[in-house]
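# Observations on chain architecture
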Amino acid sequence: QDGLKQCLAEFRQQLAWVERLDVTLGPVADPVSQSASTSDAVDPENDFQREMSFYRQAQAAVLEALPRLRKLQVPTRRPDDYFAEMAKSDQQMQKIRQKLKSKQEAMERSEKAKQLRAMRKYGKKVQVEVLQRRQKEKKNMLNAVKKYQKGLSDKLDFLDEEQTSSQGNKKGNASQRTKKGPNAKRRYKNQKFGFGGKKKGSKWNTKESFNDVSSFQSKVAHNKGPGKGGRGGKGGKKALNKRPGKRARQKMKNRAR
C-alpha cells in the first residue's frame, strides 16, 4: 500500500479539475430501496446486480460532474452542426457492404434452388402417378380381354371404357380447337366469301335500283364508244388488226414465191 501511494504521488499532476475530469464516487442510491448499494451487498456472481452497480456508479458520477461543468461554463451538449469522423474508414464500410450483399445473394440463390428442387420433386411425383395409373388401366384391360377370350366373362365393358376415354379426348381436342379459333385457310375464305347467309337473289333488281339511272352510259349501251365501228361493234382498229383467213394467207405465200 505504501508503494502504491508513493507511485501515485510521483505521477500525479497538480492540474485544475477541468483538465483532469476525474470523479470518484460510490453508487447512487437505489430508487426502490432509497439506500446506496454497497460492494458487500452486490453478489459478483450475479450478472444483473453487478451491471446495475456499475450503472448506478456511473450515474452518480454524471450527477456530480454536470453541475461542476456548468459552473465552469463548459458546454456539455453536442451542437447540431457537429461533425465527427467514423471510427471505420470508407474502404472498410465498402467491404462490409459487399459482404452483406454477397450473403443476401447467396441466400436468394439457395432459396431459388430450394424452390426448383421442390417443383422438380412435385413434377416427378405427378409424372410417376400418371404412369402408374396408365399401367394400372392397361393391366386391367388386358385381364378383362384374357377373361373374355377364355370364356370366363361375357362382358365387354372395357370396350365401352376405351370408347368413352377416346371420346373424352376428342371432346377435349375439339374444345381446344374452338378456343384457338379457325385456322388460316378458314379465315382467308371468310374474308373472301363472307360468313354465309343468303346468296340466292342477291343480284336481283329492286325498286330503288330500277329507278337509279346515275350509272347509265348511252354510248356504251348503243355501241358508240371508242373502238366501235357501228352496228355489231365491227370495224375500227380491231377490224384493221384482224388476222386474214387461211386461203388468203395461202395466196399471199404463193405470190411471194
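Residues numbered from 1 in each chain as written. Predicted model: local features only at pLDDT ≥ 70, side-chain atom pairs only at ≥ 80, totals over all residues. Heavy atoms only, no water.

### Examining the overall build of the chain
Scanning the chain from terminus to terminus reveals 10 helices and two strands. Listed by position from the N terminus, the elements making up the chain come as α-α-β-β-α-α-α-α-α-α-α-α. If you take every contact in the chain between residues at least 6 apart in sequence, the share linking residues at least 24 apart comes to 43%. (Helix = DSSP H or I, 4+ residues; strand = E, 2+ residues; numbered from the N terminus. Contact = heavy atoms within 4.5 Å.)

### What to know about helix α4 (residues 90-150)
An ideal rise of 1.5 Å per residue puts 90 Å on 61 residues; α4 measures up with 89 Å between its terminal C-alpha atoms. In the stretch just after α4, G151 is the one whose phi turns positive, near 85°. (Expected span 1.5 Å × (residues − 1).)

### With respect to a nonpolar patch on the surface
Together, V18, L21 and L72 make up an exposed nonpolar region whose accessible area comes to about 260 Å². Following the sequence through the fold, L72 ends up in the loop between α3 (47-71) and α4. (Patch = residues over 30% accessible without salt bridge, like charges linked within 9 Å, V, L, I, M, F, W, Y side chains within 5 Å. Areas by Shrake-Rupley, 256 points an atom, 1.4 Å probe, with all protein chains shown as cover. Salt bridge = Lys/Arg side-chain N within 4 Å of Asp/Glu carboxyl O.)

### Overview of the pattern of salt bridges
Overall, the coordinates contain three salt bridges when judged by the stated rule. Its salt-bridge partner being D47, residue R50 comes within 2.8 Å of it at the nearest N-O pair. Here R50 and its partner D47 are both found in helix α3, three residues apart, which amounts to about one turn of the helix. The exposure class of R50 is partly exposed, given its relative accessible area of 26%. (Buried < 20%, exposed > 50% of the residue type's maximum accessible area, 1.4 Å probe, protein only.)

### Focus: unusual backbone geometry
With a phi angle near 55°, L21 is a residue other than glycine that sits in the positive phi range. Backbone geometry at Q73 places phi at a positive 60°, although glycine is not the residue there. Tracing the sequence through the fold places Q73 in the loop between α3 and α4. Since its relative accessible area comes to 73%, Q73 is described here as exposed.

### Focus on the environment of D22
On the secondary structure map, D22 appears in the loop between α2 (17-20) and β1 (29-30). For D22, a relative accessible area of 40% puts it in the partly exposed group. Separated by 43 residues in sequence, D22 and A65 place their C-alpha atoms 8.7 Å apart. In terms of polar contacts, D22 uses its side chain to reach the side chain of R20, at 2.8 Å. (Polar contact = N/O pair within 3.5 Å; in protein donor to acceptor, adjacent residues only side chain to side chain.)

### Re the side chain of S53
For S53, the location among the structural elements is in helix α3. Not counting chain neighbours up to four residues away, the residues in contact with S53 comprise P27 and V42.

### Details of the confidence of the model for the chain
The share of residues in the chain with pLDDT of 70 or more is 74%, and the mean pLDDT across the chain is 78. Looking over the chain, one finds the lowest element-wise mean pLDDT in strand β2 (residues 35-36), namely 48, and the highest in α3, namely 90. (pLDDT = per-residue confidence, 0-100.)

### Things to note about the environment of V23
Locating V23 in the fold gives a position in the loop between α2 and β1. Sequence separation between V23 and A58 is 35 residues, and the spatial gap between their C-alpha atoms is 9.6 Å. What V23 contacts, discounting residues up to four positions off in sequence, is W17, A61, E64 and A65.

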